[in-house]
Structures are given as C-alpha cells and as structure tokens.
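# Observations on the model geometry
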Amino acid sequence: MIHNPEFEMLPRPELEALQLKRLQQVAQKVYNNVPFYKDSFDKAGLKPQDLRSLADLAKFPFTNKQDLRDNYPFKLFAEPMSAVVRLHASSGTTGRATVVGYTKRDIETWSELMARCFAAAGLTNKDMIHNAYGYGLFTGGLGAHYGAEKLGASVIPMSGGNTKRQIMLLQDFAPTAICCTPSYALNLAEQGREMGVDMRALKLRVGILGAEPWSEEMRGEIEDALNIDALNIYGLSEIMGPGVSMECLEGKNGLHIFEDSFLVETIDPKTGEVLKPGEEGELVFSTLTKEAFPLIRYRTRDICRLNLDPCVCGRTHVRMGRVMGRSDDMLIIRGVNVFPSQIEAVMMNVSGVEPHYQLIVDREGSLDTLEVQVEVNDALFAKSGGEIKVLQGIEKKLKKDLKDYLGISAQVKMVAPKTLQRFEGKANRVTDKRKI
Ligand code: DLL
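Residues numbered from 1 in each chain as written. Predicted model: local features only at pLDDT ≥ 70, side-chain atom pairs only at ≥ 80, totals over all residues. Heavy atoms only, no water.

### Brief notes about the pairing of strand β8 (residues 241-247)
Side-chain positions along a regular strand alternate between the two faces of the sheet. Taking burial as the measure, the seven residues of β8 include seven buried ones, the bulk of the element. Two strands pair when backbone bridges link them, and strand β7 (residues 229-236) and β8 are joined in this way by four bridges, in the antiparallel orientation. Along β8, the bridge assignment pairs Tyr234 with Ser245. Adjacent in sequence and paired antiparallel, β7 and β8 are bridged by four residues. (Buried < 20%, exposed > 50% of the residue type's maximum accessible area, 1.4 Å probe, protein only. Helix = DSSP H or I, 4+ residues; strand = E, 2+ residues; numbered from the N terminus. Pairing = 2+ DSSP bridges.)

Here it is, written out as structure tokens:
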C-alpha cells in the first residue's frame, strides 16, 4: 500500500527537480541562520547560489558527528527555540550526546513519513501496532507512535523492557504488527516460548524492525519464530529518527529512502569521492524538508549500497541495501575487514546454532584475536548430553566457514543455551578489549 502516491511515485525527473528546489532553499537557510554553515561554506569558497544542479552538491563540505559535538547542544538549530516543540538525543557509546530538535511542522513531516513506512508494511487504520521501541530521548518510540496515529492505526505504547508483560499484551490485545529491534523480536520469541506461549499463533502479521544491523539469515529466524513478515526500517536521530527509509512488503528487498525529504549520496569513506549507485560506500544525507535541524551532507558512517532498479511496488524512490554496519563498528582482524553482521550471516547458516552471539576482540602481542561465542540450541544441547565432541564438531565447522567465507581466523566457543546476554533495545555484541 502506498500512503502518499503523489510523492512516493513521482517520476524521477520531477523528483530531482523538487529535490534541487528544496536543497537550494535549505542551503540558503542554513547559510543565513547557522554560523557553522556560513563558516564552512565560506571556507570552501562557496555560496548557496553555487548549487545550480544536484551534481554541484559534491563540491560542498561534509558535516560529521564531530561538528555536532562541537556545536552541542543547540548551535546547529536553524530556528529559534520558540519554534522548537520537541528535543531528542542519541546517547552514542562515546562522547557527548547528539541533540536534535523539531518544529511543529517537522513532527508532522516525520509522522507522515512514518505513516508511509507502516503503509509500506501493508498496515492500515484497521491494524493494531505494538510499539516496543523505547519511549524517551531515543527517537524510536515516539517516532513510531506518531506515525501509527497518523495512519489511524491503534497504537500500544509499550516501550522497551518488561518482556513478560509484553507477551501477555501480545496475546490479550492481539496486535497485528510489532515495532522493535530485531534482537528484541528474537528475545520476545524466546521468552514467549519459555512461558509456554505459541508465539507463531499470535495475531502478529508483520514486524517493523530496525535501529541496528541485522542479516538476511536473522530475518529468516525471526519470521520463523513469530510467523510474521519481518521488514527492515532505517533511520538515525540526526536525520530525523526512524522512517528515513523502509522496506516494502511487496519487494522485501532493500529500503526505499523517502527522497522527497532526504537527498542521499554514497561516498568512499576514505576519499570522500561520490560513488555510483550499486557501489558500496558510506551513506551521506542532506535533509530537504526539516526546519529546526537541517543538515547538509551529513556523514552517517553507515555502509551500504544504493539500488535504482524499479521496484515491484511502484515506488520511484531509490532503495538502500541492508546496512552492513557502521564504519566505526567494522572489525579489523589481522588486516581483514569484517562487520559483525557478516559473521552473523555465516553462523546462522549452520544448524544447531542460535542467533545469540558475542564477539570478543583482543590482542596477543601485536596480533588481533577474535573469539566468537555462540549459543547451541536446546535440541542439540540435549542430544549432545554434554558430549564435548558434538559441540566441538560445530565449533570446527564454524571456524572453517568463517575462514572460507570471510577470510578471518577466529576461535569459536559454543556455549549452553540462554547463557549469553539478551537485549531490549539495540544489541551490543562486540567487546573490544584492545581499547581497554
Ligand atoms: O536507531 C532510529 C531508529 C529507530 C531506526 C527505530 C529504526 C527504528 P539512532 O539511535 O540515532 O537512531 O541510531 C542510528 O542506528 O546510523 C545505524 O547505524 C543504525 N541503524 C538504524 N536502523 C538500522 C537498520 C535510530 N535498519 C544508527 N539497519 C544508524 C542497520 C541501523 N542499522
């Protein structure tokens, strides 16, 4: 279902004309209202008027996370605080939080884009949406909430945590859709099973899952455990929150970026050079409709590919592939670059292994080491009767697969079912002891 066909199906030449017009207005506005942009444009010898075509954008400087930190908390806002009706912040694992602001119209735009996401998942005002994204400074909870209301669906503002209660409400209220991180979807499925609930028999039809990287293999696990279509939703606080892009139920192959609101580029993270669609690189966004906190060429550090092929759903907006991970989450193990999601994909293809794992990176002398701890499933654990040999067989297979598919040497350690940490929001599966 297409919520706003006028914009979501706009022929590309018209879409690009609209993008250029909006981009020129945003560039002018930030140049006038935000000292950071006046300085950075001036330093590059550019004026907003130099943006005569979309291709001209490549001449403009990037904005990055450090610029946001340097201007903490509000110095990048392009509207006075009297026009700002909402603040959110992303904590981040290092450094100061990133603070973002919204005007009334920004909230309306965001709600409309989130409503588009729900419609892309096949939802209407007849659906009930269980929203287990955290409410608060995190953008997930309120972002999804306003979008669900905009669509006219009934929203359960569950927030994260309290898993037993969540499972009770999933049974009693019988929502048709769930919003949460993919790792929490698995966690819910597991705890439900432990409570004796048939999680496949719930009324849930679709999951709108995101906020962290996950693999195609993980999609299979979740779809199987909950008997749903598991769709991918992407976003980041700086650019808006959830709803920057969303996978459609019809295509289920890449996330449509709402290009009437966000101009996307992929760049080579090392050189900053703009890449062609299809080439893997870092996503860079310029906002086209945001009032309070517009950004020009914001470097996300998220690595993926763009795909301009037409989609079966009829949307004309470009699709982004799965985010493999953030450039700063990439592990370099003895010179081989690898994302945790790639390790996940290899592991999930081995039977007897559960989608719960931890990666421990360390250094012995000058050599990096990687230990993969992964849970064995109940059935195999019972069958093995604690027989080390059975588990060692899987360890060996995993070790070989990681070497064959990814070229990394890892120690693999199978651990007993339900011994690794579970997550309610974003999963944290990497411990890098090298930094300590
Ligand atoms: O995670 C917004 C969000 C909420 C998206 C709910 C989807 C659903 P931040 O906390 O600012 O915002 O984190 C943004 O999370 O730069 C990516 O690295 C990662 N991320 C978000 N969605 C996905 C996804 C929210 N579908 C950062 N796949 C982004 C992979 C994702 N990574």
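### With respect to the packing of helix α10 (residues 340-348) against helix α12 (residues 388-406)
Closest axis-to-axis distance for the α10/α12 pair is 10 Å, and the angle between their directions is 130°. Compared by their axis directions, α10 and α12 come out oblique. Judged by the sense of rotation from one axis to the other, the crossing of α10 with α12 is right-handed. Of the residues in α12, those in contact with Gln342, Ile343, Val346 and Met347 of α10 are Leu398, Asp401, Leu402, Tyr405 and Leu406. (Axes fitted to C-alpha atoms, helices over the stretch in contact; angles between N-to-C directions. Parallel < 35°, antiparallel > 145°, perpendicular 65-115°, else oblique. Left-handed = near helix turned anticlockwise from the far one by under 90°. Contact = heavy atoms within 4.5 Å.)

### Re helix α3 (residues 35-43)
Residues of α3 that are buried include every one of Phe36, Tyr37, Ser40 and Phe41, and no others. Buried positions in α3, seen along its axis, are confined to an arc of 120° and lie on one side of it. More than 90 degrees from the buried face of α3, the exposed residues found are Pro35 and Lys43. Residues of α3 that are buried make contact with α2 (12-33) and α4 (65-70). Remark: Gly45 follows α3 within two positions and exhibits a positive phi of approximately 70°. (Arc of directions from axis to C-beta.)

### Thoughts on the pattern of salt bridges
Taken as a whole, this structure holds 36 salt bridges when the rule is applied. Taking the shortest distance from any N to any O, the salt bridge between Asp378 and Lys418 comes out at 3.0 Å. Linking Asp378 in helix α11 (residues 378-384) with Lys418 in the loop between β20 (411-415) and β21 (430-432), this pair joins segments that are 40 residues apart in sequence. When its relative accessible area of 45% is taken as the criterion, Asp378 is described as partly exposed. When its relative accessible area of 37% is taken as the criterion, Lys418 is described as partly exposed. Via salt bridges that share partners, Glu8, Glu112, Arg116, Asp260 and Arg315 belong to a single interconnected network. (Salt bridge = Lys/Arg side-chain N within 4 Å of Asp/Glu carboxyl O.)

### Side note on a nonpolar patch on the surface
Taken together, the side chains of Phe74, Met81 and Leu87 make up a nonpolar region of the molecular surface, amounting to roughly 250 Å² of accessible area. Tracing the backbone through its elements, the reader meets Phe74 in the loop between α4 and β1 (84-90). Taking the relative accessible area as the measure of exposure, Phe74 reaches 36% and is therefore partly exposed. (Patch = residues over 30% accessible without salt bridge, like charges linked within 9 Å, V, L, I, M, F, W, Y side chains within 5 Å. Areas by Shrake-Rupley, 256 points an atom, 1.4 Å probe, with all protein chains shown as cover.)

### Quick look at the pairing of strand β2 (residues 98-103)
The buried fraction of β2 is high, at six of six residues. Along β2, one buried face is formed by Thr98, Val100 and Tyr102 and the opposite face, lined by Val99, Gly101 and Thr103, is buried too.

### What to know about the site of the ligand
Surrounding the ligand, one finds 21 residues, the nearest of these being Asn232, Ile233, Ser237, Asp302 and Lys426. In the environment of the ligand, a nitrogen atom lies 3.2 Å from a nitrogen or oxygen atom belonging to the backbone of Glu212. In this structure, Asn232 approaches the ligand through a side-chain N or O atom, which is 2.7 Å from a nitrogen atom. When the free accessible area of the ligand is taken as 600 Å², the share hidden by the protein chains comes to 94%. Here the shell around the ligand is composed, by residue class, of nine nonpolar, seven polar and five charged. (Near = heavy atom within 4 Å. Polar contact = N/O pair within 3.5 Å; in protein donor to acceptor, adjacent residues only side chain to side chain. Nonpolar A, V, L, I, M, F, W, Y, C, P; charged D, E, K, R; others polar.)

### Digging into the packing of helix α8 (residues 182-194) against helix α9 (residues 216-226)
Running from N to C, α8 and α9 point in directions that differ by 35°, and their axes come no closer than 10 Å. In the crossing of α8 with α9, the sense of the turn from one axis to the other is left-handed. Contacts between α8 and α9 involve Pro182, Ala185, Leu186, Ala189 and Arg193 on the former and, on the latter, Met218, Glu221, Ile222, Ala225 and Leu226. Taken together, the residues of the contact of α8 with α9 break down into eight nonpolar, no polar and two charged.

### Points about the packing of aromatic side chains
As enumerated under the stated definition, the model contains nine aromatic pairs in all. Centroid distance Tyr31 to Phe41: 5.9 Å. Interplanar angle 20°. Geometry classified as stacked. With Tyr31 in helix α2 and Phe41 in helix α3, this pair connects stretches of sequence that are 10 residues apart. Judged by its relative accessible area of 10%, Tyr31 is buried. Overall, Phe41 belongs to the buried group, its relative accessible area being 0%. Where Tyr102 meets Trp110, the ring centres are 4.8 Å apart and the plane angle is 10°; that geometry is what we call stacked. (Phe/Tyr/Trp six-rings, centres within 6.5 Å; stacked < 30°, edge-to-face > 60°.)

### Looking at the domain arrangement of the protein
By a widespread convention, an interface's size corresponds to the accessible area lost as its parts come together. We note that the domain assignment places domain 1 (1-324) and domain 2 (331-432) within the protein. For domain 1 versus domain 2, the separation of C-alpha centres amounts to 30 Å. Counting from both sides, the interface comprises 21 residues of domain 1 and, opposite them, 17 residues of domain 2. Taken together, both faces of the contact between domain 1 and domain 2 bury some 1700 Å²; the carbon and sulfur share is 53%. Taken as a group, Glu190, Glu217 and Met324 account for 29% of the area that domain 1 buries against domain 2, more than any other trio of residues on that side. Taken together, the links from domain 1 to domain 2 amount to two salt bridges. The interface formed by domain 1 and domain 2 holds eight residue pairs in polar contact (both at pLDDT 80 or more) in total. Those elements that place two or more of their residues in the side of domain 1 that touches domain 2 are α8 and α9. Counted by class, the side of domain 1 that touches domain 2 contains nine nonpolar, seven polar and five charged residues. (Domains from an automatic or database assignment. Buried area = accessible area lost by both parts, 1.4 Å probe.)

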